Amino acid sequence: MTAQDILERLRGDRRALPRLATLVENNDLRGLEALDALYGATGQAHVVGITGPPGVGKSSLIASLVERIRASERRVAVLAVDPSSPLTGGAVLGDRIRMMGRHADPDVFVRSMASRGRQGGLAWTTASLVHLLDAAGFPFILVETVGTGQDGTDIASLADTVMVVQAPGLGDGVQAIKAGLLEVGDVVVVNKSDQPGAGDTIRLLRSAFALAHPTTARVVPILATTAVDGAGVAELLAAIDDHAAWLDSEGERTHRREQRARTEVLAGIRAALDAKLQGLPHDSGALRAAVARVVNKEQSPRRAVASILAALEDP
Amino acid sequence: MLSADPHPRPPIRVLIAKPGLDGHDRGAKVLVRALRDAGFEVIYTGLFQTPEMIASAAMQEDVQVIGLSILSGAHMSLFPRIMNELRAQGLDGVLVVAGGTIPKSDIPAIKDLGIAEVFGPGAQFSAIIDFIRSHAPAPSPSW
């Protein structure tokens, strides 16, 4: 099928996009072929990655942001990722609860996704679904990722704008200058700004960001929002739009997209290697022998890994 | 070449919905948790859902199963509307099950609507999980 055929099908049947998303998520060849054909039609969307610790109000803020985006007459898609249990593979995908209000609006598409234990693979699958939504014609795509604190910088690899959400009371000025999440933020939001301590948190973040490297070309805005009543959300959308305009004016968008393509290809390689590794039987002779050598101090874990990898490459 | 290592058996995707004016969701939440522990991916809609909201969520999430939890007694007015809405959206293939305080005498009429099974108070999670496992359709057979 050509991209044109696929796009027509997506326009003609509202079930087609969600079903295609499932096929892509399940690594089903039908989905991957469609995605391949559609890739040339991507690159139109502005992708906003939203991350931050659990419970800071990311989903509520997205719901509020979706209202604002719709008020500006733009279509919007939301991709919300929640963790899968490493023990059972099951997941509770609860972000949609905050976003049920827009069910009658055909220009809002919300999809929940479980992390399914793919570490590098999560970025890979997420990027694939973003391409699908992009090709399907959503000019705005909001990606909410597993709410990790200091880690989770993967999101930066697939977003044009990274929005880091914090809430009052999450730590002192040292937390704010640690490496990790905050340093990838293009826009930083302190949500629940009606709560006690919000002013302190904002001041802390502002002073931490003021310590940033003086060559940083752009001042990262630190905004206060209250998702439940929408306070500050108009300013937040304006800050996202400002960042989009800045990306375009500084040629930064091209640079970021190159980086993104590189990260995505690497993530894909990692995911493929991961899948290959999972095919390595846990009781395989080679693995058992390597583990025994490690236990008996005959070989360091590092050497054991090297020997297993060599065997994988040349079975 | 495309690298295709299809997920051998992707987790079953289930939508748990609380239709209508019914603020009691302890049962639904306990079930959501039990289904999660059974390895399903469970999308919970929250309270006070209209048939249109349920159908729209089921479509966008492309779930294989919808579980309707209802304790308000309004099942005989809400279930037909939900099933009609699902059919109108072309979601006939989704497995629909119901649970809650539903009198036994209503069950035949509910099954006539196309709801595959009704789990009343005291139903074992294992029975619900086994039923879903053996009756859930394949994920997205075609798009």
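Remember, it's a predicted structure, so these values are computed and weren't measured experimentally. (Residues numbered from 1 in each chain as written. Chains lettered and ligands numbered in written order. Predicted model: local features only at pLDDT ≥ 70, side-chain atom pairs only at ≥ 80, totals over all residues. Heavy atoms only, no water.)

Chemist: Explain the packing of helix H2 (residues 51-61) of chain B against helix H3 (residues 75-88) of chain B to me, using residue names and the numbers behind them.
Modeler: All names here are of chain B. H3 packs onto H2 with a crossing angle of 40° between their chain directions and a minimal axis gap of 9 Å. Here H2 is positioned oblique relative to H3, judged by the angle of their axes. Pair H2 / H3 crosses with right-handed handedness. Side by side, H2 and H3 meet where Pro51, Glu52, Ile54 and Ala55 of the first sit next to Arg81, Ile82, Glu85 and Leu86 of the second. Per-class residue counts for the contact of H2 with H3 are 5 nonpolar, no polar and 3 charged. (Axes fitted to C-alpha atoms, helices over the stretch in contact; angles between N-to-C directions. Helix = DSSP H or I, 4+ residues; strand = E, 2+ residues; numbered from the N terminus. Parallel < 35°, antiparallel > 145°, perpendicular 65-115°, else oblique. Left-handed = near helix turned anticlockwise from the far one by under 90°. Contact = heavy atoms within 4.5 Å. Nonpolar A, V, L, I, M, F, W, Y, C, P; charged D, E, K, R; others polar.)

Chemist: Tell me about the sheet that holds strand S2 (residues 76-82) of chain A, residues and numbers included.
Modeler: Residue and element names in this part refer to chain A. Reading across from one edge, S4-S2-S5-S1-S6-S7-S8 is the order of the 7 strands in this open sheet, with parallel pairing throughout. Of all the strands in the sheet, just strand S4 (108-114) and strand S8 (222-224) have a single pairing partner and so form its edges. The mean inter-strand angle of the sheet, taken between neighbouring strand axes irrespective of direction, is 20°. Bridge count for strand S7 (residues 187-190) against S8 is 3 bridges, and the pairing is parallel. Opposite valine 188, over in S8, you have isoleucine 222 as the bridge partner. (Pairing = 2+ DSSP bridges.)

Chemist: Run through the interface of chain A and chain B, naming residues and quoting values.
Modeler: Listed per partner, the contact involves 39 residues of chain A and 38 residues of chain B. Of the roughly 3,500 Å² buried between chain A and chain B on both sides combined, carbon and sulfur atoms contribute 57%. Of all residues in chain A, Arg19, Met100 and His103 of chain A bury the most surface against chain B, accounting for 16% of the area lost on that side. Where chain A touches chain B, the interface holds 3 salt bridges. We note a salt bridge from arginine 116 of chain A to glutamate 41 of chain B, for which the minimum N-O separation is 2.6 Å. The interface formed by chain A and chain B includes 17 residue pairs in polar contact (both at pLDDT 80 or more). Counting residues per element, the ones that place at least two in the side of chain A that touches chain B are helix H1 (3-12), helix H2 (16-25), helix H3 (29-38), strand S3 (91-93) and S4 of chain A. When residues of the side of chain A that touches chain B are assigned to their parent elements, the largest contribution, 7 residues, is made by H2 of chain A. (Buried area = accessible area lost by both parts, 1.4 Å probe. Salt bridge = Lys/Arg side-chain N within 4 Å of Asp/Glu carboxyl O. Polar contact = N/O pair within 3.5 Å; in protein donor to acceptor, adjacent residues only side chain to side chain.)

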